Amino acid sequence: MYNLKKNALAAGILAATSMTVFAQSHVHVASCGHDELTNPIINQLGQKRFSAAIAKKAAPFADGAVRTTNFQAAADNFIDVIVYVHPSYIEDLSQPLRFDDNNRPIENGAQFMHNRVQEQFDKVNAAFETNNINARYRVAYIHLLDVELPELGNTDALYDEFGEIAQCTTGDWLDFAPEFCNTPVYQDAYRLFSQSGADTFHYLRTGRDSGSNIVGLGGFFSGSVTYDDYATNMAGMIASGDDQWNIDKYLEQYGSVTIHEVGHVLGANHPNEDVDGKGHQAHFCGELSPDSSLKKQTVMASGDVHLFFSDPAIEVQGEACGITGVADNSDAVRTNAPLLASVADKVAVSSNVEFTQDSMIVDSGSGKHTLRLQRTGDLSQPVSVNLMAIDNTAWELRDFHFGWKEATFATGEAYADVEFTALERDGKHTDTQFAVKMMYATAGSVSTEQMQVNIQSTDLPVVGNVSLAQSAYTVAENAGSVTLTINRTNGMDGEAVVSVTTRNQTAIAGTDFTAIDTILTFADGQESATVTVNITNNSTYQGSRTFAVDIAPVTEGLTSGATTATVTITDDEVSPGTGGSDGGSGSDSGSSGGTFSFFTLAFGLLLAARRKLMA
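Residues numbered from 1 in each chain as written. Predicted model: local features only at pLDDT ≥ 70, side-chain atom pairs only at ≥ 80, totals over all residues. Heavy atoms only, no water.

A.B. asks: Mind laying out the side chain of Asp512, listing which residues take part and the relevant values?
C.D. replies: Assignment of secondary structure puts Asp512 in the loop between strand S24 (496-504) and strand S25 (517-522). Polar side-chain contacts of Asp512 include one of 3.1 Å to the side chain of Arg545. When sequence neighbours within four positions are dropped, the list of residues in contact with Asp512 reads Thr506, Ala507, Ile535, Thr536, Asn538, Gln542, Arg545 and Ile569. (Helix = DSSP H or I, 4+ residues; strand = E, 2+ residues; numbered from the N terminus. Polar contact = N/O pair within 3.5 Å; in protein donor to acceptor, adjacent residues only side chain to side chain. Contact = heavy atoms within 4.5 Å.)

Structure (structure tokens):
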């Protein structure tokens, strides 16, 4: 049945029309591999938050709220979510498993974490749009929640982890006052939840062997959890040599677990789990394969998952994917999503946070440094701000360590400091740069301007100087080609790239030689390289003619000496109008004079004979 178990702590949908709350939890069927689970505390939390949402809405939503065709979410229809991330998740995502075209790790800790959070929410919103749900998920704030992880193999501890987070971080624990909530970790999380005006929470960490294969949890009107198995799965796929198609397919599926759990948060159920009698359960529609009796499944089921909730308005292969009163999860989600968006309000603070400087310069390996933020405007409320580094030529964990940062301004404070570390880098390297970006604030607004951090290399490479070995070359027309040598001196660290182009003079490209416009790469330590130009052999005498070869450094810091060489092509044909065994070299001046005298004497004799006849 289920390849991956998706247990839910969700209660049944609570009917908004009657204002009656049914605090029931899902009881999972053992034959499908689920564990039976009830959690009355989570149900009470859901009831409390649901009642608060109903009270805040001027006009309660009827079950099966009116569909929208072109949704433009109003400010009060955004579900603000505080995302709690376990610090170990960032460490797991920092493993250099995949690399981009520049051999830079794609897995980059905090940056990659944020990408995956955003991808989950984008897919939730895509499912909302498909089902015409008048609300959208968005990140209100991201906080590193360093709670103790459950012991491996203990499923009950896994549920407890989710239950404690649901109680302690939302502030609803105040009614129950469990002792485990009175810790700095949870009190800090509750403070941020309240400041950010979050309507719900999402907890994210790496999946571990809990003994149950649970990949997500969700509690009605409370919050959701995703146990991301990326680090384990990707390492295994790469180790086993999976092709890129399989890797891409795995990455595309990311987010379906979160959509499933958000469905439970908003009252959607599994197939055949209609706990409130309203048909709020998943449905199967469309053929799984041609002529198959098996059906495709919605995101609330497992297997061939479609990223929508069961809905009679959605069809797959001509078959409705929900039947009102029988299987229509979207009815519940459309009703509850706008309600959830009204549970909490963000603290209204007219203030703005910005960097105190546009850039800073540090030395490679120089250790810890501090950048400063300044808050202007209303300082009457505490504010926390998220910051993240953006890789450029400097990379996280190679050139610096920044991670996911949080700057906190206490009441009345105008400045806050954030630390980062400039790491020692092995080998010679050029100066590098990264940026720091403010992401989210619990109140007020943050600047969109990024701060640039320049890391000066303390072991700069010497890339050297390139020069043409000769300034002039001569080649016979029938030689076929000419080879020019380029030398690299005064340093050979790293690669050095040089552009090489030909230029017409009296020799013309296409007629006398083949033009080139290329780059030449010197490997690390390589002293010289050659480039060859093809020469055209024709049957017409043209005499000697020339073309130029120019080189120019491309690599930053590479200098140059002689950058132009002239190539002379000598002809192999005989000059027209010349002859003789000497190849048309011509006679000496004396021979030329004798020939002229003979013709002069003959002309004189003819002229004398003519005069005699006329006499």
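A.B. asks: Residue-level account of the sheet that holds strand S19 (residues 445-446), with values.
C.D. replies: Strand pairing within a sheet occurs via backbone hydrogen bonds; the two strands may be parallel or antiparallel. Pairing is mixed in the open sheet, where 5 strands are placed in the order S15-S17-S13-S11-S19. The outermost strands of the open sheet, each flanked by one partner alone, are strand S15 (400-401) and S19. Where strand S11 (residues 351-355) lies against S19, 2 bridges are found, and the strand directions are parallel. Considered in S19, the bridge of Val353 is made with Val446. (Pairing = 2+ DSSP bridges.)

A.B. asks: Quick rundown of the packing of aromatic side chains? Include the residues and the values.
C.D. replies: Scanning the model with the defined rule gives 12 aromatic pairs in all. With 6.0 Å between their ring centres and 45° between their planes, Phe162 and Phe201 make a pair best called tilted. Taken together, the residues Phe162 in helix H4 (residues 155-170) and Phe201 in strand S3 (residues 200-206) connect sequence positions 39 residues apart. Comparing Phe162 with Phe201, the two get one shared label, buried. Pairing Phe402 with Phe420 gives two aromatic rings, centres 6.4 Å apart and planes at 35°, and the pair type is tilted. With Phe402 in the loop between S15 and strand S16 (404-409) and Phe420 in strand S17 (residues 415-422), this residue pair connects regions lying 18 residues apart in the sequence. Note on Phe402: relative accessible area 1%, which makes it buried. (Phe/Tyr/Trp six-rings, centres within 6.5 Å; stacked < 30°, edge-to-face > 60°. Buried < 20%, exposed > 50% of the residue type's maximum accessible area, 1.4 Å probe, protein only.)

A.B. asks: Now, about the side chain of Lys123: what can you tell me, with residues and values included?
C.D. replies: Positionally, Lys123 belongs in helix H3 (residues 110-130). Relative accessible area serves as the criterion here: at 16%, Lys123 is assigned to the buried category. For Lys123, the residues in contact, after removing those within four places along its chain, are Leu251, Glu252, Gln253, Tyr254, Gly255, Ile259 and Leu307.

A.B. asks: Describe in detail the sheet that holds strand S20 (residues 451-456), supporting the description with residues and values.
C.D. replies: Pairing is mixed across the open sheet formed by 5 strands, whose spatial order is S12-S20-S18-S14-S16. Among the strands making up the open sheet, the edge pair consists of strand S12 (359-363) and S16. Each strand of the sheet is rotated relative to its neighbour by a mean of 25°, with strand direction disregarded. Where strand S14 (residues 383-390) meets strand S18 (residues 432-441), 5 bridges bridge the pair, whose relative direction is antiparallel. Residue Ala389 lies in a different strand from S18, and its bridge partner there is Val436. (Axes fitted to C-alpha atoms, helices over the stretch in contact; angles between N-to-C directions.)

A.B. asks: Any details on the pattern of salt bridges? Residues and values, ideally.
C.D. replies: Any two side chains of opposite charge can pair if their charged atoms end up close together. As enumerated under the stated definition, the model contains 19 salt bridges in all. Of the charged contacts, one joins Arg116 and Asp228 as a salt bridge, the two residues approaching to 2.9 Å between their closest N and O atoms. With Arg116 in helix H3 and Asp228 in strand S5 (residues 223-228), this residue pair connects regions lying 112 residues apart in the sequence. Glu119 is paired through a salt bridge with Lys123; the nearest N and O atoms lie 3.9 Å apart. Of this pair, Glu119 and Lys123 both sit in helix H3, 4 residues apart, which is roughly one turn of the helix. Taken together, the salt bridges that share partners define one network made up of Glu477, Asp512, Arg545 and Asp571. (Salt bridge = Lys/Arg side-chain N within 4 Å of Asp/Glu carboxyl O.)

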